[in-house]
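# Structure at a glance
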Amino acid sequence: MSSIILQAHSLTKKYRHTVALDHIDLQIEKGKIYGFIGQNGAGKTTLLKLMVGMYEPVSGVIRINGTDITKIRKKDIYELYSAVFQDRMILPAMIDENIALKPKYDIDKNRIKEVLRLSGLYEYLEENNISADQYMTRQLTEDGIFLSGGQEQKFLLARALYKDAPVLLLDEPTASLDPISEQEVYVKYEELCKNKTALFISHRLASTQFSDRILFLQEGHIIEQGNHDQLIDMNGFYANLYKSQFSS
């Protein structure tokens with residue numbers, strides 16, 4: 001089997017009269033980390049949701065392991081991905097059920113602890129004496145657990161890691177985190193993405209140095225791509241944005 005697991009050819013997506021993506025060509029190789037960056041509205045989230053099969057393009061083809069995505073059952077497509085998008089969903093269920101999205105008898109408790117540690121949430125739960133058997137939200141019980149925005153983000157990352165699909169999709173995985181927590185996630189990136197193909201969206205370029213390939217999107221086009229050093233040497237859009245974010 002080819003090392004290329006995802007391909008997009010001439011992919012175009014419109015919202016009414018607005019072009020979100022314009023004839024995008026893309027190849028994703030197995031086991032590589034890809035960073036998608038660009039300003040709001042550049043088309044980053046749209047591109048990832050098209051690859052997952054959540055959206056349908058106006059034109060163009062998406063292939064998974066060489067097969068047109070329209071020829072694959074949605075169930076089989078979704079099994080390929082563990083995803084964290086900006087639309088958050090916390091269920092009125094116990095913590096471990098919320099992470100595994102499975103009935104209690106079918107949950108791997110050791111795996112729950114492992115993914116909570118990887119996501120950076122385990123210590124908080126331990127320090128506050130919160131067990132995996134406690135309910136979340138207050139729809140079913142008055143003492144249901146509520147998490148802050150940053151903690152919710154870590155929680156959803158734990159859910160994606162528990163699924164353990166071959167491709168990990170992360171849409172702004174550190175957007176709600178404070179700088180210290182954000183740095184902790186970056187340090188763990190290699191461990192989080194171990195043995196996986198990872199595609200993540202970020203507007204904070206501290207994360208992009210971990211990527212094997214960075215794609216800079218602007219107005220629905222990929223205008224630059226390469227690894228961090230190559231894009232810095234190019235001295236274009238990426239290099240200018242990087243310098244602006246890290247200038248003292």
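Residues numbered from 1 in each chain as written. Predicted model: local features only at pLDDT ≥ 70, side-chain atom pairs only at ≥ 80, totals over all residues. Heavy atoms only, no water.

Looking now at the packing of aromatic side chains. A full pass over the atoms with the stated rule returns 3 aromatic pairs. Where Tyr15 meets Tyr55, the ring centres are 6.3 Å apart and the plane angle is 85°; that geometry is what we call edge-to-face. Remark: Tyr55 occurs in the loop between helix H1 (44-52) and strand E4 (59-64) and Tyr15 occurs in strand E1 (residues 4-15); sequence separation between them is 40 residues. Given a relative accessible area of 37%, Tyr15 falls into the partly exposed group. Measuring from ring centre to ring centre gives 6.2 Å for Phe216 and Phe237, while their planes differ by 35°; the resulting arrangement is tilted. Taken together, the residues Phe216 in strand E9 (residues 213-218) and Phe237 in helix H10 (residues 237-246) connect sequence positions 21 residues apart. A relative accessible area of 4% means that Phe216 is categorised as buried. The ring of Phe85 is capped by Lys49, whose NZ or CZ atom sits 5.1 Å from the centre of that ring. Taking the ring centre of Tyr122 as reference, the NZ or CZ of Arg117 above it sits at 4.2 Å. (Phe/Tyr/Trp six-rings, centres within 6.5 Å; stacked < 30°, edge-to-face > 60°. Helix = DSSP H or I, 4+ residues; strand = E, 2+ residues; numbered from the N terminus. Buried < 20%, exposed > 50% of the residue type's maximum accessible area, 1.4 Å probe, protein only. Lys NZ or Arg CZ within 6 Å of the ring centre and 35° of its normal.)

Of all hydrophobic cores here, the largest spans 31 residues; its most connected members are Ile99, Leu116 and Phe155. Counting only elements with at least two residues in this core, the list comes to helix H3 (95-100), helix H4 (109-119), helix H5 (122-127), helix H6 (149-163), strand E7 (167-171) and strand E8 (197-201). Here this core takes 7 residues from H6, the largest share from any one element. Residues Phe36, Ala42, Leu199 and Ile201 belong to the second largest nonpolar core, which totals 29 residues. (Core = buried A, V, L, I, M, F, W, Y, C linked by side-chain atoms within 4.5 Å.)

As a further point, take the pattern of salt bridges. Tallied over the full model, the rule gives 7 salt bridges. In this structure, Lys75 engages Glu79 in a salt bridge whose closest nitrogen and oxygen atoms are separated by 2.9 Å. One end of the pair, Lys75, and the other, Glu79, are both in helix H2 (residues 74-80), 4 residues apart, so they sit about a helical turn from each other. Several salt bridges share partner residues, and in doing so they unite Arg111, Glu114, Asp164 and Lys196 into one network. (Salt bridge = Lys/Arg side-chain N within 4 Å of Asp/Glu carboxyl O.)

Our next topic: the pairing of E4. Here E4 pairs with strand E5 (residues 67-68) via 2 bridges, running antiparallel. By the bridge assignment, Arg63 is partnered in E5 with Asp68. Hairpin connection between E4 and E5: a loop of 2 residues separates the two successive antiparallel strands, and Asn65 in this loop has a positive phi of roughly 50°. (Pairing = 2+ DSSP bridges.)

As a further point, take the packing of H4 against H6. Between H4 and H6, the shortest axis-to-axis distance is 8 Å and the interhelical angle comes to 130°. Our classification of the angle between H4 and H6 gives oblique. Relative to H6, H4 is oriented so that their crossing is right-handed. When H4 is examined against H6, the residues Arg111, Ile112, Val115, Leu116, Leu118 and Ser119 are found in contact with a partner set consisting of Lys154, Leu157, Ala158, Leu161 and Tyr162. Here the residues of the contact of H4 with H6 are counted per class, giving 8 nonpolar, 1 polar and 2 charged. (Axes fitted to C-alpha atoms, helices over the stretch in contact; angles between N-to-C directions. Parallel < 35°, antiparallel > 145°, perpendicular 65-115°, else oblique. Left-handed = near helix turned anticlockwise from the far one by under 90°. Contact = heavy atoms within 4.5 Å. Nonpolar A, V, L, I, M, F, W, Y, C, P; charged D, E, K, R; others polar.)

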